[in-house]
Structure formats: structure tokens, C-alpha cells
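Report on the structure
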Amino acid sequence: MSLLSAIPMGALLLDQGLRIIEVNRPLLDLLGRDDRALSGTAFNALLADPDPQLFTELSPEAPPRHIQARLLTSGGALEAQLTLSPCQDQGLRWLVMITATRGGQPAHPTEEAQAFARVANWQLEVATGQVRVTRTWYDIWGLPPTETLMLEDALGLIHPDDRPRVEQALEQAAESQAPIQVRFRLQRPDGSECWIEGTGHIDPRATESDARICGVVMDITERYRAEQALSHYSEILSASSERLAFVDPEHHIRAVNRAFLNALDRDYDAVIDQPLDRVISDQTLGAALQQTLERCLAHAKEHTEDLRRPGPDGEPRDLEIRVSPHRGEDDQLAGAVINVRDVTLVREAERRLLQSAAVYAATSEGVLITDPEGGIVAVNAAFSRITGYTETEVLGRNPSLLNSHWHPRSFFVGMWRHLLKHGSWIGEVWNRRKDGEIYLQRLAIHRIVDARGNLLNYVGVFAEHSATLNTPRRAEYLAHYDQLTKLPNRLLFNSRLEHAIELRQRKQIPLALFLIDLDRFANINTHLGPQIGDELLRSVALRLRSEIRPADTLARLSANQFGLIFEEIPGIREAESIAQRLQNCLAAPFHIREHEVFVTASIGIAFDPSTGRDRDLLLAKAESALRAVKQGGRNAYRCLAIHTDAAAEERQRLIGQLREGLERGDFQLHYQPRVDVESGRWCGIEAMARWNQPQLGLVAPERFLPLTDDGGFLVELGHWTLNRACEQFQRWRSRGLPVGRLALNVSEPLLLRLDLASTIARALDTHGLAGDQLELEFTEGLLLKHSDQIVELFAALHQLGVHLTLRDVGAGWLAPSLLRRLSVGTLSIHRGFIENLPEAQEDLDVVHAIVALAQSFEIGLLADGVRTEGQRELLLTIGCPHAQGELYAPPLPPEQLEHRISQKPEPRPPKLRGS
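About the cut-offs
- Residues numbered from 1 in each chain as written.
- Predicted model: local features only at pLDDT ≥ 70, side-chain atom pairs only at ≥ 80, totals over all residues.
- Heavy atoms only, no water.
- Helix = DSSP H or I, 4+ residues; strand = E, 2+ residues; numbered from the N terminus.
- Contact = heavy atoms within 4.5 Å.
- Patch = residues over 30% accessible without salt bridge, like charges linked within 9 Å, V, L, I, M, F, W, Y side chains within 5 Å.
- Areas by Shrake-Rupley, 256 points an atom, 1.4 Å probe, with all protein chains shown as cover.
- Salt bridge = Lys/Arg side-chain N within 4 Å of Asp/Glu carboxyl O.
- Lys, Arg positive; Asp, Glu negative; His and termini not counted.
- Charge placed at Lys NZ, Arg CZ, Asp CG, Glu CD.
- Buried < 20%, exposed > 50% of the residue type's maximum accessible area, 1.4 Å probe, protein only.
- Pairing = 2+ DSSP bridges.
- Axes fitted to C-alpha atoms, helices over the stretch in contact; angles between N-to-C directions.
- Phe/Tyr/Trp six-rings, centres within 6.5 Å; stacked < 30°, edge-to-face > 60°.

Further remarks concern the overall build of the protein. Helix and strand counts for the protein come out as 32 helices and 38 strands. Within the protein, contacts between residues at least 6 apart in sequence are counted, and of these 55% link residues at least 24 apart.

What follows concerns a negative patch on the surface. Judged by side-chain charge, Asp34, Asp35, Asp330 and Asp331 come together as a negatively charged surface patch. Looking at where aspartate 331 falls in the secondary structure, it is placed in the loop between β16 (316-327) and β17 (333-342).

On to the pairing of strand β11 (residues 193-202). Two faces belong to every sheet, and in a regular strand the side chains alternate between them. Taken across its ten residues, β11 has eight buried, putting it largely inside the fold. Bridge count for strand β10 (residues 180-187) against β11 is eight bridges, and the pairing is antiparallel. When the bridges of β11 are listed, isoleucine 180 appears paired with glycine 200. Relative to strand β12 (residues 212-219), β11 runs antiparallel, the two being bridged by seven bridges. Across the sheet, residue glycine 200 finds its bridge partner in β12, namely glycine 215.

Across the sheet, five strands lie side by side as β14-β13-β17-β16-β15; this open sheet has antiparallel pairing. Looking at which strands have only one partner, the edges of the open sheet turn out to be β14 (253-256) and β15 (303-310). When strand polarity is set aside, the average angle formed by the axes of neighbouring strands in this sheet is 25°. Where strand β13 (residues 243-247) meets β14, three bridges bridge the pair, whose relative direction is antiparallel. Opposite phenylalanine 246, over in β14, you have alanine 255 as the bridge partner. Along the sheet, helix α11 (residues 283-299) contacts β13, β15, β16 and β17; its crossing angle with β15, the most-contacted strand, is approximately 180°.

All right, on to the sheet that holds strand β25 (residues 561-567) then. Here five strands make up an open sheet; going across it, the order is β24-β25-β23-β28-β29 and the pairing mixed. The sheet is open, and its two borders are formed by β24 (553-556) and β29 (637-641), each paired with just one other strand. Shown here is a sheet whose adjacent strand axes are inclined to one another by a mean of 15°, direction ignored. Sheet analysis places β24 next to β25, joined by four bridges and oriented antiparallel. Along β25, the bridge assignment pairs alanine 555 with glycine 563. Each of β23 (511-518), β24, β25 and β28 (601-608) touches helix α17 (residues 490-507); the most contacted strand, β25, lies at about 20° to it.

In terms of burial, β10 is largely enclosed, as six of its eight residues are buried. If you look at the hairpin formed by β10 and β11, you'll find five residues sitting between the two strands, and glycine 191 has a positive phi there, around 95°.

Another aspect to go through is the environment of glutamate 574. Topologically, glutamate 574 is positioned in helix α20 (residues 572-587). Glutamate 574 gets classed as partly exposed once you look at its relative accessible area, which sits at 29%. The spatial distance from the C-alpha of glutamate 574 to the C-alpha of alanine 512 is 9.8 Å, given a sequence separation of 62 residues.

Moving on, we come to the pattern of salt bridges. The final tally for this structure, using the stated rule, is 41 salt bridges. With a closest N to O distance of 3.4 Å, aspartate 219 and arginine 188 form a salt bridge. On the criterion of sequence distance, the pair formed by aspartate 219 in strand β12 and arginine 188 in the loop between β10 and β11 is long-range, its members being 31 residues apart. Of the charged contacts, one joins arginine 254 and aspartate 248 as a salt bridge, the two residues approaching to 2.9 Å between their closest N and O atoms. Residue class for arginine 254 comes out partly exposed when judged on its relative accessible area of 22%. Ionic contacts of the salt-bridge type, sharing partners, join the residues Arg573, Arg674, Glu686, Arg741, Glu775, Glu777, Arg807 and Asp808 into one network.

Bringing the packing of aromatic side chains into the picture now. The final tally for this structure, using the stated rule, is nine aromatic pairs. Taking 5.5 Å as the distance between ring centres and 85° as the angle between the ring planes, the aromatic pair formed by tryptophan 137 and tyrosine 138 counts as edge-to-face. With relative accessibility at 8%, the residue tyrosine 138 sits in the buried group. An angle of 90° between the planes, with centres 5.3 Å apart, marks the rings of tryptophan 416 and tyrosine 458 as edge-to-face. Of this pair, tryptophan 416 sits in helix α15 (residues 409-422) while tyrosine 458 sits in strand β22 (residues 455-464), placing them 42 residues apart in sequence. Residue class for tryptophan 416 comes out partly exposed when judged on its relative accessible area of 36%. Judged by relative accessible area, tyrosine 458 falls into the buried class, the value being 9%. One aromatic cluster in this structure is built from Trp137, Tyr138, Trp141 and Phe184.

In C-alpha cells form, the structure reads like this:
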């Protein structure tokens, strides 16, 4: 056992009848005996002077007892000190540790032996308090050897809770010659703690004037831990409801737990050391135990047997008999452990599970099981036959992949409310097969909970409804769905569009309408045949469906035209991002039979941000945008927004005021500093145009920039901004002001209508600036929309040395492949992901991803919109080196910026928390 092997001196275990159960190797060497010869022997047989009263004064609650005795060894009688410790387990009652002595005095082994056994001698001069010890004592106490050791020095390291007990034992030994037997804890100088067992007595040969107390201390830390572990192990075994017993190779019972005794209705003494077949009154159980035990011992392997027997109430009970071999320290077979447990409930559950599995596999109804979060965990064969999806294709996915989009959202909201309230729901649902066919189901959903009411699973059982074949609902389906692609047709599309407009008017939520034409689709039908064209249309429908939300409507409106309705769309940028994503998904080749077919798409978008309009106006806007795309060469998208008449009039009035303001000089530039997040030093400034309108005051660029584009003078404003900013920047540099690098934003009209590289080169030359002193910012949308033109422009700007930044990263879709082709120097994180940090975990995840992308491409990073110290600290932690925002300074007119620079040329870095 682990307990005995951990004890360095001789030790053995006795059962309740004082018979030897196990002996460790040091004691066998001391006695010169074999462990098999000692197993089962009465302990008194080891003593030269047997003492029948040896254990009579001991109790399981008593502390360890130390006595002197003579042991019978192969070489004769040997004086020894015995330490008797009670164990709480009924099968292992006494632990005896043995230390050899001579003439009643502690033996004086070599220093090496004492060090190995962690044993040391000590002698206390009562009058002076001086203590004489062997070298190992210092090792145990954790002290360096000294010439003079006093009692108070030794006692000082004893745990304060144990020290009074040690002091009392020493006083009693000196006053009444009482023997010392005490356990205590040491707190060594290095901070470690250990358990010590100390014994001693007054030296009878000393006179009263030079009284001495002699004794032995032993480090029993490992033994103490083993005893504690054994005690806990015994408590666990005693508390187990399973019947446990240990038998030797001759089938004699050596140890049992309480459950085993209760099953036999016998006490411990009537069972221990008895043959197994004599104590088992149930002949059937006894025969099964004997047979399983013999097989285990014969093959030295675990064997298990099931037995069905009548229980105490006469009802049949299932028992499992498990017998496992047990080997001793010499790896020889020392016996076997018997475990008998009642498995009636387990076997009944297994039988029911097998029955359910048979029904589950054989039923003609489809069965679908999900976890509490809605992920599919199992389906049966009928599910695959009805839906067309194999189990591998659906595991882990949500059942929404079967959604036909026939039902409004309110239908599913009501279904789930009923399910959560009542635990089940039964009704009819129109669902979609893998091939796109719509069919009617009779569906029952049940919520499965455990005995504590915790949700385990949802189980759905469904069958095809006969209504699918020939009912008015079938006729309704044919009237509203395209038979080729199984998508809604124009009739249903128009109906859903009217419903979306009505909802948009009520809730004031934006709405986007997409019209998608497959470019030159007629050529495919002409050259490859209409069958290939039909299969291509089905494949396009499935691919588009996979790229949108379940709540979005996708319809086939005509031969090669599809319509899309997006409700609750945030803005035009999101609509353009969706269009780009749809074009990307269609760019991959389609494999139709033996052909590899490539298609492109033209997309027209009508976006209704805030006004409720009619269906025809939305369709007209989308068709107008689609015509513009086709006239521009196809394979692109365009988005047109809808405005009210009053808004249009106000818009034209503001456009006129903007033109007058540009001629009158109402525009001015503000500058916002960019800083190093760690040091707080300014590393650049961004120039931003502001309109100082006499009646309206300072107008934000979000309001006037779209109007300048519609008015046709955004290019003129951009040209003015470039030259005015370069002129101001050069004045600051000539005065030695630390303004870093000048940053300017490039809009789409500037990119398309200017020879931008030549314009930048002229501006740099005119104002005497180097290319690396200028930074131009482009949005993600420009890179994706005009990728070929951007590549050429970036190459030209790179030749000039201009620093290039990609701004508003995270708001759209960034292709890493573009970053490989372009000489982008910095990624600017969209302010929308910074404003809610650090509380917004989703925004933080996006920022982490952008930081990782920039680091992998070795590109600089800038965070826009930093407002708080907490945001600054977070950005510094995750590796974003530069930032701008109100924490450092808002956009300032030139005079205020100069004043701030003159007052504080380099702003101090904000103090970190805890610094």
C-alpha cells in the first residue's frame, strides 16, 4: 500500500483482530522474514514477550502510543520501540511503526542512516536548557549547525498552536519522569512546514543536579499525509453504497466495507478471515461470486458478471459483479477486490434506450434533436429521406436551414412562445428541401428537461402532409413560387415589398431594394443550352440565399433577374457592402454538369432611409440604378437614395448656399492632432473642411459633403482643401512647429474625376513639401469598388513617397489579398468600434482582429475617436500605437492649434493607472 511504502522505518498494518495484513520492506529486512509467512499471523507472534494487554487501553480516538518491546528476528531477540496508531477504517485498525533500540535507549545509527530515515537524537540538560543533538536534527529543523543550542531556539520554530503541548510534555518529564509522546508542527525558516513525532524520557542514570531528558524526533510529514489520505479513503469506502470486499488468493475475506456487511446482515468479526463461500447465504449469488473470483485469479484480469436476483421487496433486481486483481509491492498477485452493485436502474435505462433507438431508426417520420442553443445534434434516416440533407451536413447547424420563408416572422415568434410556455407545439409548417422544393410538414416540437427542470434538448418529429399533393394550399404555392428555383416569384415579392414598406413607415426603419441581373445570360443559353441555363439559375439562387439573412426576401422576378428586400439595414454603406459581397459570391465558377461557368452581376439598389414611399417608386429607383450600371459596362453596383419633395427643395437650397460659400470664402480648415499612444507626442495632424455658414453657423462635414457631391463641386472643394492644407502645413514647418505629417481624406469623386497622382505631385512641388510629409486616406469601399484603378494610383503615389492609409477599417469588408497588392502604410480603425470600448465585447473582438491583421502585414495602426483614458490604456495593451480623438484634442482652427502648440508643444502622455 502507498502508506507503508512511504514510511522509511519498519511498519505493518493490523486488522481489528490484531492479525498482520501487510508489512513493508524495511521491517521484513529487519526481521529476516518473508511477507507471505507473516500475512495473517497474530502480531503477538512477533514479540519475544507477548503482552495480551498491549492494545486494551487503546481506542480509535486515542493519540499514537509508544512502548518498548523485544522483536523475534531470524538472528534473535531485538530491542525496539513500537509506535501504535489507530486507523478509522474497520478493515485496517492499527498502524504499527518499529524502530530498533539497544537496552531501552535509542540506538546510535550512523549519520547517513539517520539522515535517510529523517530521525535524530536529542538530549536536554534540564538545569541549563542546553540541547545536544545529532547532525540530522539540524536538517529536520532547517537550521545551520551551531556550537551551542538552547531550548528556546528549538521551541521557537514549533507552531504556536503546538508549542504549549511540547513545553508541557517536557515539564512533566522533568518533574514526574513521565514519558514524552507528542506530535507537533515545525515552521522552518524557509517557510516550509513539516510534522514531527517526538519521544523521550528522563535519563535514570543522571543525578538530580545534572538531570537530562533524552529522546528521538522523527520527520513524519509523508507518513502523516499518508495517514490522512488513508483515513479519507477509508471514509469514502465506508460511505459507498456499493458492496466492497478484499479477499486473498485462498478466497479468505480480509477486508469489507459497511455496505457489504449490511447486505450479508452480519457483523465484522463474523466475516473477516472467513472463506467467501461460507459467509454468502444466497447460493446463486455465492456461486456467481466464486466463479467470477476464480476466473479473475486464474487469469489475473478483471472479470464482470451480471446477475438478476429477487430484491428485499421480492421484485427482480439487476446486480453487477466486478472482480479486479490486486498486486502487492513485489507485483505478485495478493488477492482480489470484489465490487457488487445494484444496476437495476442502469439496465432498465439501457433497455429503454435500445427500444427507443430501434423506433428512432425505423420510424417513417423525420426526427431532429437539438441542444438547448438550437444546434442540431442528431437526425434519423427519415429526416434525410424527407429533407435531402445527410446527418453530416446538418450536425451543429440551426434548423433554420430548412426555412422556406413562407411564414412571416410573427408565426415563429408565436410558435416559440407557446413552446416555452407549454413545453410543446404542434402545427403545420412550410419548409424547404435541400433541392429548394417547398413542402408542407405536420410538425411536433417537444422540450426535454431533466429531473431538476434543466433544459436538455428540443426534439422535433415531422411528416410530409398530404396537403402537399393536391390542396388549395398547393395551388397557392404554385401561384406564389417560381417552379425552377423554388424562390418567391414577382407576385409574392411585390406583396412582401408592400408589407416591408408598411412596416418601415410604422417603425421608421431603413429599407433597401436590390435588383440583380446576370450579365449576358442569353449567351449561356445560346451556347450551352437551356438545360445548363436552368441549372445555373438554380445554383445562383442557392448561392445568393446562402449569403443573406433568413429574414431577407430573395425572389426570381424574370428569366435572369432576382430581387432582394433588406429590412432594418443601417445605411447606404451597409447596402453597398452587401452588394459587394453578393458579387464576390457569384465570382467563383459554377460547375454545371461537365461545364465550368462564370457569371457576373449588375446590381441596382434603391435605399429608403427615413420616408415611407410606395412600391413603384422604390422599384423605379432600383431600375434606374440598374440601368446606370449596365450603361457603365455591367459587373458593378449603384445605390440611389429616396428623398421627399420638401427634402429635395431644402437640399437644392443648401447646395446653392454651399456654392456661394465656396466663392465667398466661407469654408475653412480645422486640424486634429494624432498622437503616439504610449508617449503622448504629436505625430501628425488631419485636415478637415468646415463650412462656416453665416445663418447656420459651423456646419459639420457629414451634412454638407454629400451636398457638394450632388452639386458637382466636391472636386473643386477637394482641390481647395489640398492646396490650403499644404500651404498652412508648410508655414508651420518653416516656423519649427512639431506638426508631424499632414493627413487628408480622398473621396470617390476626387479619385474618379482628378488625375490624383499628378495633382498631388503639383501640390507638393508648389508648396515645397516632400512626399513623406503627406498622408492620403482612402476608405475600404474605394479599394473594393475601384480595385484596378486603386492599384495603379497607389503605385504612382508610392513613387512620390506619399504615406497611404486605409480608413474606417472594420465597417466594411476588407480583402487581405488587396493589402498584399497595395502599399498601404496604416490601417485606421473605424471610430464606431472605439467609442464603446472597453465595455462592448463584440467591438473589442473586431479591434483585436484588425490589430492582428495589421501586425501580420507589418502595417501601422491608428484608432479614431478615442475619448477616455480607459480606451487609451486598452489600445496600448492590445498593440495599437497611434490614436486621435477628443481625449487629446478636438478638430481646431489654425489659430487655436498654434496656441496649443506654443503652450504645450508636445502634450504629456496621460498618466497610467497605478503608476
